[in-house]
Amino acid sequence: MIRLYEKEDRKAIENIVSFGLNTNSSSLAHLSDTLERDLNRFDRYAETKWPMFNEQYWVCVVDGEVIGGIGITKIQRQPMESKEMVCLHRLSIDSNYRRMGYASLLLQYLETYVKNQKIRRIRLTTQEDLIPAIHFYNSHGYKCVGKKKWEKLVLLTYEKII
Ligand SMILES: CC(C)(COP(=O)(O)OP(=O)(O)OC[C@H]1O[C@@H](n2cnc3c(N)ncnc32)[C@H](O)[C@@H]1OP(=O)(O)O)[C@@H](O)C(=O)NCCC(=O)NCCS
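Remember, it's a predicted structure, so these values are computed and weren't measured experimentally.

The rules behind each value
- Residues numbered from 1 in each chain as written.
- Predicted model: local features only at pLDDT ≥ 70, side-chain atom pairs only at ≥ 80, totals over all residues.
- Pairing = 2+ DSSP bridges.
- Helix = DSSP H or I, 4+ residues; strand = E, 2+ residues; numbered from the N terminus.
- Axes fitted to C-alpha atoms, helices over the stretch in contact; angles between N-to-C directions.
- Near = placed C-beta within 6 Å.
- Nonpolar A, V, L, I, M, F, W, Y, C, P; charged D, E, K, R; others polar.
- Core = buried A, V, L, I, M, F, W, Y, C linked by C-beta atoms within 7 Å.
- Buried ≥ 20, exposed ≤ 12 C-beta atoms within 10 Å, placed from the backbone.
- Contact = placed C-beta atoms within 7 Å.
- Expected span 1.5 Å × (residues − 1).
- Arc of directions from axis to C-beta.

(A) Up close: the sheet that holds strand β3 (residues 65-74). Strand order in the open sheet formed by seven strands is β1-β2-β3-β4-β5-β7-β6, with mixed pairing between adjacent strands. In the strand order of this sheet, the two ends are held by β1 (2-4) and β6 (143-150), each with one partner. On average, adjacent strands in this sheet sit at an angle of 25 degrees to one another, irrespective of strand direction. In this sheet, strand β5 (residues 121-127) lies alongside strand β4 (residues 86-93) in parallel orientation, the contact comprising two bridges. Each bridged residue has a counterpart across the sheet, and for Cys-87 the counterpart in β5 is Arg-123.

Below, the structure is given as structure tokens:
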């Protein structure tokens, strides 16, 4: 089952996403700050019933357990009401449930939602060293449109027109 994030999901999503990005290693510790900011925002939005079409986070529940999540957020500096493009973020699946098609299900759910909002372009940023993620995005039709260094990471930007 896929549903919107609720405050009770915080611990599960925090664990799944930080494990997925290896934020516990000291060189990547700063990534946990941005994750905490995102989770604080999700908690606020969950309280106010996710007020914006371009700020959503969904979780995937299997046998009553949250095993992954995916979200969209507006592109930085883009006006709040713009429907030009959204940014996919915080996709992660519990390591015990990978390679079973759950990320594909979440992505399909997100793309349907985005299409229904009459938004045609999805952008995302990932890391060059997240090999499964690179394969995953390539296999779902996302094209690499940019590459840059950020601190110790190499960041790749992908886009898809849906
Ligand atoms: C990337 C990730 C979300 C994929 O989740 P998943 O549920 O395992 O993905 P699916 O089962 O839907 O896989 C679909 C396709 O993705 C690709 N893929 C997924 N994992 C892969 C791996 N380890 N190696 C190569 N390709 C892989 C394959 O093309 C796969 O299709 P196939 O199984 O028919 O070969 C998951 O590995 C993950 O959570 N990684 C850590 C967090 C992360 O990197 N998130 C993205 C940050 S931008």
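Further notes follow.
(B) Highlighting the pairing of strand β7 (residues 153-161). Note: β5 against β7, seven bridges, orientation antiparallel. Note that in β7 the partner of Arg-123 across the bridge is Glu-159. For β6 and β7, the ladder comprises seven bridges, and the chain directions are antiparallel. Of the residues in β7, the one forming a bridge with Lys-148 is Leu-155. Hairpin remark: β6 followed by β7, antiparallel, with two residues in the connecting loop; positive phi at Glu-151, about 50 degrees.

(C) Summary view of the site of the ligand. Taken together, 18 residues lie around the ligand, and Gly-20, Arg-98, Ala-103, Ser-104 and His-135 are the ones closest in. Counting only elements with at least two residues in the shell around the ligand, the list comes to β4, α3 (102-116) and α4 (131-139). Here the element with the most residues in the shell around the ligand is α4; it accounts for five residues. Here the shell around the ligand is composed, by residue class, of nine nonpolar, seven polar and two charged.

(D) Representation of the nonpolar core in the model. Of all hydrophobic cores here, the largest spans 23 residues; its most connected members are Ile-13, Leu-88, Leu-106 and Leu-110. Those elements that provide at least two residues to this core are α1 (10-21), α2 (30-47), β2 (56-62), β3, β4 and α3. Residues within four places of Leu-110 in sequence aside, it is in contact with Ile-70, Ile-72 and Leu-88. Counting five residues, the second-largest nonpolar core is a separate cluster that includes Tyr-137, Tyr-142, Leu-156 and Tyr-158.

(E) Quick look at α1. Here α1 is twelve residues long and its end C-alpha atoms lie 16 Å apart, about the 16 Å a rise of 1.5 Å per residue gives. Every buried residue belonging to α1 is among Ile-13, Ile-16, Val-17 and Leu-21, and all of these are buried. Take α1 and look down its axis: the buried residues cluster within an arc of 120 degrees, on one side only. Where α1 is buried, its residues contact α2, β2, β3 and β4.

(F) The pairing of β2, seen in detail. Where β1 meets β2, three bridges bridge the pair, whose relative direction is antiparallel. Opposite Leu-4, over in β2, you have Trp-58 as the bridge partner. The pairing of β2 with β3 spans seven bridges and is antiparallel. By the bridge assignment, Val-62 is partnered in β3 with Glu-65. The turn linking β2 back onto β3 is made up of two residues, and Asp-63 within it adopts a positive phi angle of 50 degrees.

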